[in-house]
Amino acid sequence: MFWLQVSTLVLVNVLIASMLFVRPPRAAHGSAGDGALSVWQLIEQVEAERQRQAASAGRHRISAETLARLQI
């Protein structure tokens, strides 16, 4: 009975040590595909949107895009 307890204790310690020190390889992301944006492109879009919002004078001002769509 003593050896069973000792071997179980050793096995549990080996299992814990292997989980701590041996890490499985992590999965890598595949390619993003067509039409994917990089971080810099997203930052540029956000900055452009902020500038458009800052340029609008009033709360109810119609944007140039909406105005162009209305003038058919």
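Residues numbered from 1 in each chain as written. Predicted model: local features only at pLDDT ≥ 70, side-chain atom pairs only at ≥ 80, totals over all residues. Heavy atoms only, no water.

Asker: Can you walk me through the overall build of the chain in this structure?
Answerer: Along the chain, the regular secondary structure elements total 3 helices and 0 strands. When its helices and strands are written in sequence order, the chain yields α-α-α. Relative to its 72 residues, the chain shows a buried fraction of 0%. Accessible surface, the chain as shown: approximately 7500 Å² in total, 63% of it carbon and sulfur. (Helix = DSSP H or I, 4+ residues; strand = E, 2+ residues; numbered from the N terminus. Buried < 20%, exposed > 50% of the residue type's maximum accessible area, 1.4 Å probe, protein only. Areas by Shrake-Rupley, 256 points an atom, 1.4 Å probe, with all protein chains shown as cover.)

Asker: Looking at this model, I keep getting lost on the packing of aromatic side chains. Mind explaining?
Answerer: Geometrically, a pair of aromatic rings is defined through the distance of the ring centres and the angle of the planes. If you walk through the whole model with that rule in mind, you get 1 aromatic pair. With a centroid separation of 5.1 Å and an interplanar angle of 70°, the aromatic rings of F2 and W3 are classed as edge-to-face. Taking relative accessible area as the criterion, W3 reaches 64% and is therefore assigned exposed. (Phe/Tyr/Trp six-rings, centres within 6.5 Å; stacked < 30°, edge-to-face > 60°.)

Asker: Even after reading the chapter, I still don't get the confidence of the model for the chain, so can you show me in this structure?
Answerer: Reading predicted coordinates in detail is not appropriate for stretches of low pLDDT. Across the chain, the average pLDDT comes to 81, with 82% of residues at or above 70. Helix α1 (residues 2–21) holds the highest mean pLDDT among the elements of the chain, 93, whereas helix α3 (residues 64–70) holds the lowest, 81. (pLDDT = per-residue confidence, 0-100.)

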